[in-house]
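Spelled out, the chains give:
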Amino acid sequence: MKKVLTLMLGLVAGTASFAHTADVNPTVSATHLVMTTDQKIKLYVQPAQDKGDLSIRDANGHVLYNTTVSLQKGLQQQFDISNLGTGMYQLTLNTNHQTLTKTFVVQANPNVSFVVQD
C-alpha cells in the first residue's frame with residue numbers, strides 16, 4: 001500500500017509541475033519520465049519546434065535503443081524495460097539546441113526500480 005501511495009504522489013506532483021509549464025518557446029527540458037510498477041517507462045515531452053535523437057544506454061555506454069523523433073506535437077512514448085538486467089541506464093534526448101539525460105535504475109525486484117531525478 002505504501003508503494004502505491006508513493007507512486008500516486010509522484011504522479012500527482014509530476015502532473016502538477018508538468019501542467020504549469022507554458023513557455024512561449026518550450027524546450028526539451030519540459031519533460032517527465034515515469035517508471036510504472038509493470039516494468040515500463042513512460043516519457044512525456046512538451047511540444048517543441050525540433051527533432052531529436054532518443055536513445056537508451058546501459059552503464060557502459062552501449063546503445064540499447066536509438067531512434068529519431070519529431071517533437072512538434074510533443075512526445076508520449078512508453079518503453080518496456082522488463083528484459084533489461086539489473087543496473088543503471090540512461091535515456092537521452094538530444095536536439096540541435098540541448099541534450100537532456102534521465103537516469104533510471106532497474107533492480108532485481110521490479111517494485112523497487114526507480115528514476116533518478118536530475
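Conventions and cut-offs
Residues numbered from 1 in each chain as written. Predicted model: local features only at pLDDT ≥ 70, side-chain atom pairs only at ≥ 80, totals over all residues. Heavy atoms only, no water. Helix = DSSP H or I, 4+ residues; strand = E, 2+ residues; numbered from the N terminus. Buried < 20%, exposed > 50% of the residue type's maximum accessible area, 1.4 Å probe, protein only. Contact = heavy atoms within 4.5 Å. Areas by Shrake-Rupley, 256 points an atom, 1.4 Å probe, with all protein chains shown as cover. Pairing = 2+ DSSP bridges. pLDDT = per-residue confidence, 0-100. Core = buried A, V, L, I, M, F, W, Y, C linked by side-chain atoms within 4.5 Å. Axes fitted to C-alpha atoms, helices over the stretch in contact; angles between N-to-C directions. Polar contact = N/O pair within 3.5 Å; in protein donor to acceptor, adjacent residues only side chain to side chain.

Caption draft 1: Main features of the overall build of the protein chain. When helices and strands are tallied, the protein chain shows one helix and eight strands. Listing every helix and strand of the protein chain by position from the N terminus yields α-β-β-β-β-β-β-β-β. Counting over 118 residues, the protein chain shows a buried share of 33%. Taking the intrachain contacts of the protein chain between residues at least 6 apart in sequence as the baseline, contacts between residues at least 24 apart amount to 47%. As presented, the protein chain carries roughly 7500 Å² of accessible surface, and 53% of it is formed by carbon and sulfur atoms.

Caption draft 2: Layout of the pairing of strand 5 (residues 75–80). Side chains of strand 5 alternate between two faces, with Leu75, Gln77 and Phe79 buried and Gln76, Gln78 and Asp80 left unburied. Pairing between strand 2 (residues 40–45) and strand 5: six bridges, direction antiparallel. Paired with tyrosine 44 across the two strands is glutamine 76, which belongs to strand 5.

Caption draft 3: Representation of the confidence of the model for the protein chain. Taken over all residues, the pLDDT of the protein chain has a mean of 77, while the share at 70 or more is 69%. Looking at the elements of the protein chain, mean pLDDT is at its lowest for helix 1 (residues 2–19), recorded as 43, and at its highest for strand 4 (residues 63–70), recorded as 96.

Caption draft 4: Representation of the nonpolar core within the structure. Among the nonpolar cores identified, the biggest contains 19 residues, and Leu43, Leu54, Leu91 and Phe104 are the most heavily contacted of them. Of all the secondary-structure elements, those providing two or more residues to this core are strand 1 (31–35), strand 2, strand 3 (51–58), strand 5, strand 6 (87–94) and strand 7 (99–106). Not counting the four nearest positions on each side in its chain, leucine 54 is found in contact with Leu43, Tyr65, Asn66, Thr67, Val69, Leu75, Gln77, Phe79, Leu91, Thr92 and Leu93.

Caption draft 5: Layout of the sheet that holds strand 5. Reading across from one edge, 1-2-5 is the order of the three strands in this open sheet, with antiparallel pairing throughout. Of all the strands in the sheet, the pair left with one neighbour each is strand 1 and strand 5. Shown here is a sheet whose adjacent strand axes are inclined to one another by a mean of 15°, direction ignored. Strand direction decides the pairing type here: strand 1 and strand 2, joined by five bridges, are antiparallel. Of the residues in strand 2, the one forming a bridge with threonine 31 is valine 45.

Caption draft 6: The arrangement of the environment of threonine 36 in detail. Inspection of the secondary structure assignment puts threonine 36 in the loop between strand 1 and strand 2. Taking the C-alpha atoms as reference points, threonine 36 and aspartate 80, 44 residues apart in sequence, are found 9.9 Å from one another. Side chain to side chain, threonine 36 and aspartate 38 meet in a polar contact 2.2 Å long.

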